[in-house]
Amino acid sequence: MCSALLTFAEVSCARGGRQLFERFNLTLKAGDCVALRGANGSGKSTLLRAAAGLFADFNGAVDAASFHYVGHKHGVSALLSPKENLLMHERLAGSTRWWPAAAPEAAVGDALPFGGVSAAQALAQVGLGGAPDTACSQLSEGQRRRVALARLLLERRPLWLLDEPLTALDADGRRLVQELITAHCQAGGAVLCATHQALSCPSATEVQLGGGA
Amino acid sequence: MFAVQFRREWLCVLRSKDEALNPLVFLFLAASLFAIGFGGSSDRLGEAAPAIIWVLVLLANLLSLEALFRRDFEDGALEQFVLFAQPQFAAVLGKVAVQWCACGLAMTLLAPLLALMLNLSAAALPTLLLGLLLGTPALSLIGAVGAALTVGLGGGGVLLALLLAPLHLPVLVFGVSATLDGGAGLAATAQLYWLAGISVLALTLTPFATAAALRISVERS
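1. Side note on the overall build of chain B
- Scanning chain B from terminus to terminus reveals nine helices and zero strands.
- For a compact globule of 221 residues, the expected C-alpha radius of gyration is about 17 Å, and chain B comes in at 18 Å, within 12% of that figure.
- For chain B, the spread of C-alpha atoms along the principal axes amounts to about 55 × 35 × 30 Å.
- With the model as given, the accessible surface of chain B reaches about 9400 Å², and the carbon-plus-sulfur share is 74%.
- Taking the average place of the 10 positive charges on the side chains of chain B and the average place of its 12 negative ones, the gap between the two points comes to 7 Å.

Quick look at the structure:
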């Protein structure tokens, strides 16, 4: 039995006087890709933030393996260049030399294809190899989203939490995201992804969030 | 961790120079207005100078603190910071250290000029500088807690000032009192020890509080 990478157990949550989830259950194992669908305000982002530990105002239990989170806000500093953004993120998040406790789970992580990739390589993979040193304030929305996605490749982590990864991206970028997700799942990772567009990944299953009115 | 965060913030400060210079310009401008406002009575100005300098330093510091986390909050870097920067204590300290260098330390270096403009007695100058050097770290460290709490709120500036005024009061009181004693030729060691004590206490306790406050702000957004 493969251990679960992400579990929602009986999660209930009300926000702004409205019940978002009632005893919501979901388990992601290695190789799973779940696309969260639902109308605006149906709680997709809230669910992702709960998985990441950025939202705690709910009943029930959430248990997640070591993860990458790419939210609505890119988390890309406009004053720094793409390369600096990645380097700083890598050193802040994955500085295992100084802080052994932050090491990712080796058992799951070892099978993953990405990770251990240098910042320059990661940028090249997301199609930003040409502009590693321009300030991010000069980049377009889609390019900044690509910088955020490059973070996924820096360090191997089994779980990806992506909040609308396809927005602002061109056709090429959308294909890239789907390729990354597919490869990640094939290598034994798991992806939870909120999206309004259909994912054309072979392993993707959809979960419809009822919510709405 | 401290070094990485310090470098990142330092790059950010270097690339937004005009924003980083704002508090210093404010300090200089306000001091010159005081000098002009007091007109010819340079004796009275000299008496009031310690209080004026300390209050202006405190206000200029508030100005810079308000912007401490705002940009990171808006572009989402703060989410990543809260989730992944480990240990948070060192990372927070790195952020605040840069704020202090760009603001507290810079203001301390600017203080001799202010002392000259405001006719502060030469005897008080060494005590003023030492007091600022020991007191401004406390202002930055305590201020960071308030800045972290108010970063998600619109128009947090006034709230931040209200929140921090009572906490910054001891630093102001001891700082002014030390400078006055120094100017009168008395030993100001007691007040300076107090300032150092407050700073050390803030150094050990506030980074934890700042990290917790940042998490609250991010979760609430």
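2. Observations concerning a nonpolar patch on the surface
- A cluster of nonpolar side chains, contributed by B:F26, B:V55, B:L59 and B:L63, occupies part of the molecular surface with about 290 Å² of accessible area.
- The greatest single-element share of the nonpolar patch, amounting to three residues, is contributed by helix α3 (residues 42–66) of chain B.

3. Some details on the packing of helix α2 (residues 17–37) of chain B against helix α6 (residues 88–117) of chain B
All names here are of chain B.
- Look at α2 against α6: their axes get within 10 Å of each other, and the N-to-C directions meet at 20°. Put simply, α2 runs roughly parallel to α6. Once α2 is placed against α6, the crossing between them reads as right-handed. Across the interface between the two elements, A20, P23, L24, L27, F28, A31, S32 and A35 from α2 touch A102, C103, A106, M107, L110, L113, L114 and M117 from α6.

4. Section: the environment of A:Q138
Residues and elements named next belong to chain A.
- Of note, Q138 is situated in the loop between α4 (119–125) and α5 (141–154).
- The class for Q138 is exposed, based on a relative accessible area of 61%.
- C-alpha separation for the pair Q138 and S81, spaced 57 residues apart in sequence, amounts to 9.2 Å.

5. Remarks on the interface of chain B and chain A
- Across the contact, 27 residues belong to chain B and 30 residues belong to chain A.
- When the area that chain B buries against chain A is broken down by residue, the three leading residues are B:V4, B:Q80 and B:F84, summing to 23%.
- Summed over the shared surface of chain B and chain A, the number is two salt bridges.
- For the salt bridge of B:R15 with A:E84, the shortest nitrogen-to-oxygen distance reads 2.8 Å.
- On inspection of chain B and its partner chain A, the count reaches nine residue pairs in polar contact (both at pLDDT 80 or more).
- Breaking the side of chain B that touches chain A down by element, the ones donating at least two residues are α1 (2–15), α4 (70–75), α5 (77–84) and α9 (189–220) of chain B.

6. With respect to the pattern of salt bridges
- Summed over all chains, the structure comprises 13 salt bridges over all chains.
- Across the salt bridge formed by B:E79 and A:R49, the nearest N and O atoms sit 2.8 Å from each other. With B:E79 in helix α5 and A:R49 in helix α1 (residues 44–52), this pair bridges two chains.
- Under the relative-accessibility criterion, A:R49 is labelled buried at 10%.
- Between A:D170 and A:R146 there is a salt bridge, with its nearest N and O atoms 2.9 Å apart.

7. Considerations on the state of the cysteines
- Per the stated rule, a full pass over the model turns up zero disulfides over all chains.
- Looking at the unpaired A:C33, the closest cysteine sulfur is the one in A:C185, lying at 4.6 Å.
- For the unlinked cysteine A:C136, the closest cysteine sulfur is that of B:C12, found at 11 Å.
- Taking relative accessible area as the criterion, A:C136 reaches 0% and is therefore assigned buried.

8. A short note on the packing of aromatic side chains
Residue and element names in this part refer to chain B.
- Counted according to the given criterion, the structure contains eight aromatic pairs over all chains.
- Centroid distance F6 to W10: 6.3 Å. Interplanar angle 15°. Geometry classified as stacked. Note that F6 and W10 are positioned in helix α1 at a spacing of four residues, about one turn of the helix.
- An angle of 5° between the planes, with centres 5.1 Å apart, marks the rings of F174 and W194 as stacked. Highlighted residues: F174 in helix α8 (residues 156–183) and W194 in helix α9, separated in sequence by 20 residues.

9. Some thoughts on α6(B)
Residue and element names in this part refer to chain B.
- Over its 30 residues, α6 runs 42 Å from end to end, which matches the ideal 44 Å to within 8%, given 1.5 Å per residue.
- Of all bends in α6, the biggest is about 40°, found at A111, and the proline P112 comes one to four residues later.
- Of the residues flanking the end of α6, it is N119, one or two places downstream, whose phi is positive at about 60°.

10. Describing the pairing of strand β5 (residues 67–70) of chain A
Residue and element names in this part refer to chain A.
- Side chains of β5 alternate between two faces, with F67 and Y69 and H68 and V70 buried alike.
- Where β5 meets strand β6 (residues 159–163), four bridges bridge the pair, whose relative direction is parallel. When the bridges of β6 are listed, Y69 appears paired with L161.

11. A few points about unusual backbone geometry
- Positive phi, close to 55°, is recorded for A:E10, a residue that is not glycine.
- Position of A:E10 among the secondary structure elements: in strand β1 (residues 4–15).

12. Some details on the sheet that holds strand β7 (residues 190–194) of chain A
Residues and elements named next belong to chain A.
- Strand order in the open sheet formed by five strands is β5-β6-β7-β3-β8, and the pairing between neighbours is parallel. Among the strands making up the open sheet, the edge pair consists of β5 and β8 (204–208). Here the strands of the sheet are splayed against their neighbours by 15° on average, with no regard to which way each runs.
- Across four bridges, the pairing between strand β3 (residues 33–37) and β7 is parallel.

Rules behind the numbers
- Residues numbered from 1 in each chain as written.
- Chains lettered and ligands numbered in written order.
- Predicted model: local features only at pLDDT ≥ 70, side-chain atom pairs only at ≥ 80, totals over all residues.
- Heavy atoms only, no water.
- Helix = DSSP H or I, 4+ residues; strand = E, 2+ residues; numbered from the N terminus.
- Rg over C-alpha atoms; globule rule 2.2 N^0.38 Å.
- Areas by Shrake-Rupley, 256 points an atom, 1.4 Å probe, with all protein chains shown as cover.
- Lys, Arg positive; Asp, Glu negative; His and termini not counted.
- Charge placed at Lys NZ, Arg CZ, Asp CG, Glu CD.
- Patch = residues over 30% accessible without salt bridge, like charges linked within 9 Å, V, L, I, M, F, W, Y side chains within 5 Å.
- Salt bridge = Lys/Arg side-chain N within 4 Å of Asp/Glu carboxyl O.
- Axes fitted to C-alpha atoms, helices over the stretch in contact; angles between N-to-C directions.
- Parallel < 35°, antiparallel > 145°, perpendicular 65-115°, else oblique.
- Left-handed = near helix turned anticlockwise from the far one by under 90°.
- Contact = heavy atoms within 4.5 Å.
- Buried < 20%, exposed > 50% of the residue type's maximum accessible area, 1.4 Å probe, protein only.
- Buried area = accessible area lost by both parts, 1.4 Å probe.
- Polar contact = N/O pair within 3.5 Å; in protein donor to acceptor, adjacent residues only side chain to side chain.
- Disulfide = S-S within 2.5 Å.
- Phe/Tyr/Trp six-rings, centres within 6.5 Å; stacked < 30°, edge-to-face > 60°.
- Expected span 1.5 Å × (residues − 1).
- Bend = angle between axes of the 7 residues up to and from the residue.
- Pairing = 2+ DSSP bridges.

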